[in-house]
Amino acid sequence: MTTTAPTTAPAPGTEEIQDAGHVDVLIVGAGVSGIGAAYHLRDQFPGRTLVILDAQDNRGGTWWTHRYPGVRSDSDLFTYGYRFKPWRGPSIAAGEEILAYLDEVIDEYDLGPYIRYRHRVTAASWSTGDRRWTVEVTRDDTGQRLRFTTGFLWMCQGYYNHAKPYRPRWEGMDRFQGLVIHPQRWPEDLDLAGKRVVVIGSGATAATLIPAIAGKAEHVTMLQRSPTYFFAPPTTHELAVMLDPLNLPDEWMHEIMRRQYMTQYHWLARTSFEAPDELHTFLIESMRPLLPEGFDIDKHFTPRYRPWQQRIAVVPDGDLFAALREGKASIVTDTIETFTEHGIKVSSGEEIPADIVVTATGFNMSVLGDVAFTVDSEPVDFTERVTWRGIMINGLPNMAYVFGYFRHSWTLRVDLVSDLVVRLLANMQDKGATMVVPALRPEDTDMQLRPFSDPENFNPGYVMRSQHILFKQGDREPWTHMHEHEQEREFLPGADLDDGTLVYR
Ligand SMILES: Cc1cc2nc3c(=O)[nH]c(=O)nc-3n(C[C@H](O)[C@H](O)[C@H](O)COP(=O)(O)OP(=O)(O)OC[C@H]3O[C@@H](n4cnc5c(N)ncnc54)[C@H](O)[C@@H]3O)c2cc1C
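Residues numbered from 1 in each chain as written. Predicted model: local features only at pLDDT ≥ 70, side-chain atom pairs only at ≥ 80, totals over all residues. Heavy atoms only, no water.

### Considering the sheet that holds strand β14 (residues 343-346)
Our working rule: Any two strands with at least two DSSP-identified bridges between them are counted as paired. Under the scheme used here, helices are H or I runs from DSSP no shorter than 4 residues and strands are E runs no shorter than 2 residues, and both carry numbers assigned from the N terminus. For helices, the fitted axis covers only the stretch in contact; all axes are lines through C-alpha atoms, and the angles between them, taken along N-to-C directions, range from 0 to 180 degrees.
Ordered by their spatial adjacency, three strands build an open sheet running β13-β14-β15, and the pairing between neighbours is antiparallel. Every interior strand has two partners, whereas the edge strands, β13 (336-340) and β15 (351-353), have only one. Pairs of neighbouring strands in the sheet enclose a mean axial angle of 25 degrees, with direction left out of account. Sheet topology places β13 next to β14; four bridges connect them, and they run antiparallel. Looking at the pairing, Ile336 lines up with Val346 of β14.

The following block contains the structure:
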C-alpha cells in the first residue's frame, strides 16, 4: 500500500477527520474506468504513489451495482475489454463474467493493494499555493472521515449515481399491493414463480432482464412509453466461429475481433449520419422475421428518433424476440395513467395485472461523483464550466476525468483517455511543472457555450433530464467532446498538449 491511512476506525460519529496521507495520484472509482486508469498509470509511472477509492464494497462499478437476472453487456467484449488484456469468451458477456475479467486485470497487474472500498469521496479542494488537492472521504461502513492529499486527481466515477437510482413516481403507486423493484437494487432472494411481472422501460436493461425472467415468471409485460431500436447479432461473432479451429493466440484473436467490431460500429455510426433512413429500415427489417406473425412493429418497435440518437439495444441471438414468440412476454406501448391495487392502468384504459413492477427507467446522472469541488476556496459551479476534450475541465488544475463512449464501447475511450493523461503527466515532468490547468485563450472567452449533449446528436432521457446540472462544451476545439471513436482514435493520440489551452506552472 502506498499511503499511510490508518486501518482501525474510531466509534462512528465521534471521530475527527483523520489524515490518511499523500499520494501522487488519487483515482476515484474502481469500475472499468478506474481499473483501466490505474493499469496505465502503473504501466507508465510505476514509481508514482497511488490510491483508488470507491464508495462501494467491491470492484466493478456498474457490474457490481447491477446484478439483476440476465445482466450483460450489449457491447462486444473485445472492444469493451481493454486494449491490453485479451478477452477469451463469446462476444457478449454476462455481468459476472465481466467482473471475473476485471478480477484478472486486478490480479495480473497487482492493483488490489491500491484499492480502498467503502471510501466515499465527498469533497475535493485544490490549493494553488500547496499545488495539491485535499480530498475528503467518508467511510460508508464506519462513518469515519478521512483526508487524503494528492498531486493529481483522476476522476473515474462513471456517469450516474449508484446509490440513488432514478425512481419516477406515478399516480396511485401507494395503493399498489405488489412489489416495486429497481434493477439497481435487485433483491437476491426474489421468487418469481407464478408472478405476473411488468417491466417499465424499453432500453437495454428491460431487454436483457425480460428474456432472463420470462421462463421463471408466469408472464412478463414490457410496458414502454415509446420504442427503442434493437439489433439481434449472434452471441458469438461468425468471424470468431471461423477462426476458432485455427487456435490463434489470445492476443491475436482479441486484436482481430476488436478490429472487426470497430469496423462494424464505425459503419453504424457513419450510416446513422449519412443515411439514417436506410439504417432505420435495416434495423426494423432485421427484426421482422424474429417477431411473431402479424406483430405490430410500427407501434412497438419503431422509435420516434433517428438511429444512434440513443443507444441501439443489443439482444444477442434475439432472445427478447424469442420470449415474445413463445408467448412468455408481451409488449404494451402506452403511457401510465395510474397504478391500481393490482396492476397498472394505461391511457387506453387497459389494466395490466402485476404482482411485481420493475422500474427499468434509467439513472440519475451525477456530475463527477457528486463531489463538492473548490479551487482556491472558491466553490466550483460546473454549469459554468466547459470541457477540455472530454478529459479535463477549464479552471480545474491537475484533474482529469474518464468519460467513455455512450454509443461505442465505453472502454475504448478509457484506453485513449488514459494514454493522454499519462502523456500529460510526462509533459509536466519534462517541463518541471507541478500544475496544469485548462484555460480559455483570449479568443475563446466569448465562444458560444453549448449543452453537454446536443439533443440532435444524442438525446436519451437520462442525459436530457440532467443537462441543467452538467458542464458545457464550446463551439470549437479543444472545448468539445462526445466525438465518434473513429475520429477520436485518430486525433486524440496526437492532440497538442502545448497549444495554449493548457497552462503549466
Ligand atoms: C446495466 C448496464 C449495462 C451496460 N452495458 C454497457 C455495454 O455493454 N457497453 C458499454 O459501453 N457501456 C455499458 N454500460 C455503461 C457502463 O456504465 C460503462 O460501460 C462503464 O461500466 C462505466 O465504468 P466506470 O468505471 O466509468 O463507471 P462506473 O461503472 O459507474 O463505476 C464508477 C465507480 O465509481 C464509484 N464512485 C462514484 N462516485 C464516487 C465517489 N464520490 N466516491 C467514491 N467512489 C465513487 C462508484 O461507486 C462506482 O463503483 C452499461 C451500463 C449499465 C448500467
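### A word on helix α8 (residues 276-287)
Operational definition: What a helix is expected to span follows from its residue count: subtract one and scale by 1.5 Å. Only protein chains enter the accessibility calculation, which uses a 1.4 Å probe; a residue whose area is less than 20% of its type maximum is buried, one above 50% is exposed, and one in between is partly exposed. As used here, the arc belongs to the directions running from the helix axis to the C-beta atoms. In this description, contact between two residues means that some pair of their heavy atoms is separated by no more than 4.5 Å.
In this model, α8 (12 residues) spans 17 Å end to end at C-alpha, consistent with the 16 Å of a helix rising 1.5 Å per residue. Within the span of α8, buried status applies to Pro276, Leu279, Leu283, Ile284 and Met287. Buried residues in α8, looked at end-on, bunch into an arc of 125 degrees, giving them a common side. Away from its buried face by more than 90 degrees, α8 exposes Asp277 and Glu278. On its buried face, α8 is in contact with β10 (230-231), α7 (250-274), α9 (297-301) and α10 (319-325).

### Digging into the packing of aromatic side chains
Pairs of aromatic rings are described using the distance from one ring centre to the other and the angle between the two planes. Condition: Each Phe, Tyr or Trp ring (for Trp, its six-membered ring) is paired with any other whose centre lies within 6.5 Å, and the angle between the two planes then decides the class: stacked below 30 degrees, edge-to-face above 60, tilted in between. Charge-over-ring placement is defined geometrically: NZ (Lys) or CZ (Arg) within 6 Å of the ring centre, and within 35 degrees of the ring normal.
Per the counting criterion, the structure on display carries 38 aromatic pairs. Seen in terms of ring centroids, Tyr159 and Tyr160 are 5.1 Å apart; in terms of plane orientation they differ by 75 degrees. Their pairing is edge-to-face. In this structure Tyr159 comes out as buried when scored by relative accessible area, which is 14%. Ring plane angle 40 degrees and centroid distance 5.9 Å describe the contact between Phe231 and Phe282, whose orientation is recorded as tilted. Of this pair, Phe231 sits in strand β10 while Phe282 sits in helix α8, and the two are 51 residues apart along the sequence. Here Phe231 falls in the partly exposed class, since its relative accessible area comes to 26%. A relative accessible area of 37% means that Phe282 is categorised as partly exposed. One residue, Arg389, lies across the ring of Trp388, its end atom 5.3 Å from the ring centre.

### So, the side chain of Arg413
What counts, and what does not: For this analysis, a polar contact is any N or O atom pair within 3.5 Å, provided that within protein one partner can donate a hydrogen and the other can accept it, and provided that sequence-adjacent residues contribute only side-chain to side-chain pairs.
Tracing the sequence through the fold places Arg413 in helix α11 (residues 410-431). The exposure class of Arg413 is buried, given its relative accessible area of 4%. Among the polar contacts made by the side chain of Arg413, one reaches the main-chain carbonyl oxygen of Phe403 at a distance of 2.7 Å.

### Some remarks on the site of the ligand
How we decide: Whether a residue is near a molecule or strand depends on its heavy atoms: it is near if one of them lies within 4 Å of it. Reported accessibility uses the Shrake-Rupley method at a 1.4 Å probe radius. Residues are deemed covered only where the shown protein chains occlude them. Note on residue classes: Ala, Val, Leu, Ile, Met, Phe, Trp, Tyr, Cys and Pro are nonpolar, Asp, Glu, Lys and Arg are charged, and everything else, Gly too, is polar.
Not every one of the 34 residues close to the ligand is listed here, only the nearest: Ser33, Asp74, Ser75, Tyr80 and His162. Here an oxygen atom of the ligand sits 2.7 Å away from a polar atom, N or O, in the side chain of Asp54. With respect to the ligand, the side chain of Gln56 contributes an N or O atom lying 3.1 Å from an oxygen atom. Taken by itself the ligand offers 970 Å² of open surface, and the protein chains cover 95% of this. Elements represented by at least two residues in the shell around the ligand include exactly α1 (32-44), α2 (62-65) and β4 (119-127). Among the elements that make up the shell around the ligand, the one with the highest residue count is β4 (three residues). Split into classes, the residues belonging to the shell around the ligand amount to 14 nonpolar, 16 polar and four charged.

### Observations regarding the layout of surface pockets
Left-over empty space is what a probe sized like a water molecule reveals as it rolls over the atoms. As a reminder, the rule being used: Grid points spaced at 1 Å and placed over the protein atoms alone form the basis of the search, with a cavity being a set where a 1.4 Å probe fits but cannot get out and a pocket an open set showing protein on both sides within 12 Å along at least five of seven lines. Lining residues have an atom within 4 Å of a point. Grid points are joined across faces, edges and corners, and a volume is the space filled by probe spheres set on the points.
In this structure, the second largest pocket encloses a volume near 330 Å³. Sorting the residues of the lining of the second largest pocket by element identifies α7 and α8 as the ones contributing at least two each. The leading source of residues in the lining of the second largest pocket is α7, at five residues.

### Here we look at empty space enclosed by the protein
Counting across every chain of the model gives four cavities of 30 Å³ or more. Taken as a whole, the largest cavity spans an internal volume of roughly 170 Å³. A class-by-class count of the residues in the lining of the largest cavity yields five nonpolar, five polar and four charged.

### Topic: the sheet that holds strand β16 (residues 356-359)
The sheet built from five strands is open, its strands ordered β7-β16-β8-β9-β12 with parallel pairing. Edge positions in the open sheet fall to β7 (179-181) and β12 (329-333), since each of these has one partner strand only. Going across the sheet, the axis of each strand differs from the next one's by a mean of 20 degrees, ignoring polarity. Note that strand β8 (residues 196-200) and strand β9 (residues 219-224) share five bridges and pair parallel. Across the sheet, the residue bridging to Val198 is Thr221, located in β9. Strand contacts of helix α5 (residues 204-214): β8, β9, β12 and β16, with the helix running at about 165 degrees to β9, the strand carrying the most contacts.

Everything listed here is a matter of geometry and, on its own, says nothing about what the molecule does.
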